[in-house]
Every structure is written in C-alpha cells, then in structure tokens.
Amino acid sequence: EFFPLNPILRFYLAKIARKKFNHTVIVSEKLRQQVPINVSFSKIHAGVDLCRFQFQRNNSRLLNKKNVIFGFIGRIEEQKGIHKIVDAFIKLKAYYPNTGLEIVGLGKEEKKIRSKIQSVLISSVNFRGNIEDINSIYKNIDVLIICSESEGGPLVLLEAMASGVLVITTKVGIVTEIIEDKFNGRLLLNNSSEEVFRVMKQTIEEEDKNKLIIKNAKDTIQNYSTKKMIDKFNSLSEKLIDPVERN
C-alpha cells in the first residue's frame, strides 16, 4: 500500500518467490486467484493490535448529528479516491455546515485538493500530513472513509473499527470478508462522488443505526487481533516444519 510496485516488477518478484517457497500465505480471498493452481497456500488475515487501538471514545457527535468529523488516511493519490471524498464533502456542507474533514497523508494530488477547497471551507478541512501517533486521529474523527479503487488490506479499516470509528468503504481487499453493510460498517456501491455523498449524508441522518454499527464493529474486530494472526502463523509453521523434520 505504501510502496506500490510496477506491475511488471510485481510479476517477476512473484515468479521468483514461487521458485523459492513451497507455501504461500494470502491475506484476502481476492488474492486467491493470483495463486498458481499447483502452489499450496493458506489464508491469514492481517491483524490489529487491540491494546494500541482501544475502543475508548465518545460518539456523541455522530449519534446526535453535531459537528461530525470525517477522516481520510492514506496517500493523497487519485487511486485512493481523495478527489471524490472532497467533492462529496463540499456537497455535504450545504446540508450540514458544521461537519469537518481530516486528511492524513501526503501525495502528489495534495496541491489540487487544496485548490479545490474554497476559502469558506478552509476552516473545515484539516491537512495533517504524515502522523506517527495515528491514535490521535482516530480519537478525533467519527467516520473513516475508504474510497480506494484497490487495496491489499486496508489495515486502516481494522484500526478504525478497533478504535470505535465508524467506517464507510468501497468493496476492496478484505472489506467484503469483514464488513456487512449497515451491520458493522457502511459499504459504498461504487466509488463515485455521488455515492460517497449519499452514504456520508445517510450516516449523519441515521444516528440510531450508527450506535449498533459501532458496537457490532467492536465485536467483529476481536477476531482480527495481532495475537490471533500470530497464533495462526505459528500453527501453520508447525504444520509445515514437522513433515520436513520427520524426513
């Protein structure tokens, strides 16, 4: 996610890896199709540190339509859907003028995004750059928006859920394996600015559902801890190493 590979380089690295290793671990069902038929594999989801990202926030803003803060975390690039998020936010301000947007990350589209925001919106949009203490962001935002065209994870999905932040997301990476629409998150039908606006507005207006969505997300994330991920890797290692030792 942070260092995207050229498709040709990715192909050759994968080819070399298949010659060197006899077992592959994938992090999502969508990656299954990239595993050659004759290669054994296991699926182990990425995990999040539940001690670091703790469910300790007051969702009163989200539950009462007051000053709701939306957030974007990632590279400020076209493929991350940042333009669509900002376009949707600008439209949303006409309905809910007290909403805000936190943009975390850097990227080549930042200058264009800044120029798109009119002077009246400058106080409502906060560019935070790269932040080491990402917890401070999760404590400040009410809703995380993921509008990517493709993702390996995204890990921010798990972090937000663990932190009690409601997630609006496209169906990328592991999303469809974890998120059920309006149960533990909100799914975008597509990543158009119109759809992002529709779901952002709906999120503010359906405050009764939000409380249950956040609670269900908290329950869901217990299955995606780093501890469970490590346990699965240890179990897999024992299964793969034992036959070798017996030989």
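My aim in this report is to walk through the structure given alongside it, one point at a time. (Residues numbered from 1 in each chain as written. Predicted model: local features only at pLDDT ≥ 70, side-chain atom pairs only at ≥ 80, totals over all residues. Heavy atoms only, no water.)

Side note on the overall build of the chain
Helix and strand counts for the chain come out as 10 helices and 8 strands. Taking all 247 residues of the chain together, 46% fall into the buried category. The contacts of the chain with a sequence gap of at least 6 include a subset with a gap of at least 24, amounting to 66%. Per element, the accessible surface of the chain, about 13700 Å² overall, is 53% carbon and sulfur. (Helix = DSSP H or I, 4+ residues; strand = E, 2+ residues; numbered from the N terminus. Buried < 20%, exposed > 50% of the residue type's maximum accessible area, 1.4 Å probe, protein only. Contact = heavy atoms within 4.5 Å. Areas by Shrake-Rupley, 256 points an atom, 1.4 Å probe, with all protein chains shown as cover.)

Notes on the packing of helix 3 (residues 82-92) against helix 8 (residues 193-205)
Closest axis-to-axis distance for the helix 3/helix 8 pair is 8 Å, and the angle between their directions is 50 degrees. Taken together, the axes of helix 3 and helix 8 are oblique relative to one another. Seen along the crossing, helix 3 lies across helix 8 with a hand that is right-handed. On helix 8, the residues touching Lys-84, Ile-85, Asp-87, Ala-88, Phe-89, Lys-91 and Leu-92 of helix 3 are Ser-193, Val-196, Phe-197, Met-200, Lys-201 and Ile-204. Of the residues that constitute the contact of helix 3 with helix 8, the class distribution is 8 nonpolar, 1 polar and 4 charged. (Axes fitted to C-alpha atoms, helices over the stretch in contact; angles between N-to-C directions. Parallel < 35°, antiparallel > 145°, perpendicular 65-115°, else oblique. Left-handed = near helix turned anticlockwise from the far one by under 90°. Nonpolar A, V, L, I, M, F, W, Y, C, P; charged D, E, K, R; others polar.)

Here we look at the sheet that holds strand 6 (residues 143-146)
A sheet is described by the order of its strands in space; here 6 strands give the open sequence 5-4-3-6-7-8, paired in parallel fashion. Only two strands of the sheet have a single partner each, and these edge strands are strand 5 (125-129) and strand 8 (186-187). Of the strands in this sheet, strand 3 (69-73), strand 4 (100-104), strand 5 and strand 6 touch helix 3, which is tilted by about 165 degrees from strand 4. Taken strand by strand, helix 6 (residues 155-162) contacts strand 3, strand 6 and strand 7 (166-169), and its axis lies near 165 degrees from that of strand 6. (Pairing = 2+ DSSP bridges.)

Comments concerning the nonpolar core
For soluble globular proteins, nonpolar side chains are generally found buried alongside one another. If you look at the biggest cluster of nonpolar residues, it comprises 31 residues, and the most contacted ones within it are Phe-70, Leu-101, Ile-103, Ile-113, Ile-168 and Met-200. Mapped by element, the contributors of at least two residues to this core are strand 3, helix 3, strand 4, strand 5, strand 6, strand 7, helix 8 and helix 9 (207-221). In this structure, Met-200 is in contact with Phe-70, Ala-88, Phe-89, Leu-92, Ile-145 and Ile-168, ignoring residues within four places of it in sequence. With 28 residues, the next largest nonpolar core counts Ile-69, Ile-146, Val-167 and Ile-174 among its residues. (Core = buried A, V, L, I, M, F, W, Y, C linked by side-chain atoms within 4.5 Å.)

Focus: the pairing of strand 7
In regular strands, side chains alternate between the two faces of the sheet. Here strand 7 shows no split at all, with Leu-166 and Ile-168 on one side and Val-167 and Thr-169 on the other all buried. Bridge count for strand 6 against strand 7 is 4 bridges, and the pairing is parallel. Bridge pairing links Val-143 to Leu-166 in strand 7. Since strand 6 and strand 7 lie parallel, the crossover through helix 6 that links them has a hand, and here it is right-handed. With 2 bridges connecting them, strand 7 and strand 8 associate as parallel partners. Among the inter-strand pairings, Ile-168 is bridged to a residue of strand 8, identified as Arg-186. (Right-handed = clockwise from strand over helix to strand, strands pointing away.)

Description of the pattern of salt bridges
Within the structure shown, the criterion is met by 12 salt bridges. Across the pair Lys-112 and Glu-109 runs a salt bridge, and its minimum N-O distance is 3.8 Å. Judged by relative accessible area, Glu-109 falls into the buried class, the value being 7%. Arg-114 is the salt-bridge partner of Glu-110, the closest N and O atoms lying 3.0 Å from each other. Taken together, the residues span about one helical turn, with Glu-110 and Arg-114 both in helix 4 (residues 110-116) at a distance of 4 residues. Residue Glu-110 is classed as buried on the basis of its relative accessible area of 17%. Judged by relative accessible area, which is 45%, Arg-114 ranks as partly exposed. (Salt bridge = Lys/Arg side-chain N within 4 Å of Asp/Glu carboxyl O.)

Notes on helix 9
Taking 1.5 Å as the rise per residue, helix 9 with 15 residues should run 21 Å; its terminal C-alpha atoms sit 21 Å apart, in good agreement. All of the buried residues along helix 9 are Asn-210, Ile-213, Ile-214, Asn-216, Ala-217, Thr-220 and Ile-221. (Expected span 1.5 Å × (residues − 1).)

A word on the packing of aromatic side chains
Under the criterion given, the structure shown has 2 aromatic pairs. Relative to Phe-197, the ring of Tyr-95 has its centre 5.6 Å away and its plane inclined at 45 degrees; by these criteria the two rings are tilted. Remark: Phe-197 occurs in helix 8 and Tyr-95 occurs in the loop between helix 3 and strand 4; sequence separation between them is 102 residues. The ring of Phe-127 is capped by Arg-114, whose NZ or CZ atom sits 4.0 Å from the centre of that ring. Against the face of Tyr-95 rests Lys-201, its NZ or CZ located 5.1 Å from the ring centre. (Phe/Tyr/Trp six-rings, centres within 6.5 Å; stacked < 30°, edge-to-face > 60°. Lys NZ or Arg CZ within 6 Å of the ring centre and 35° of its normal.)

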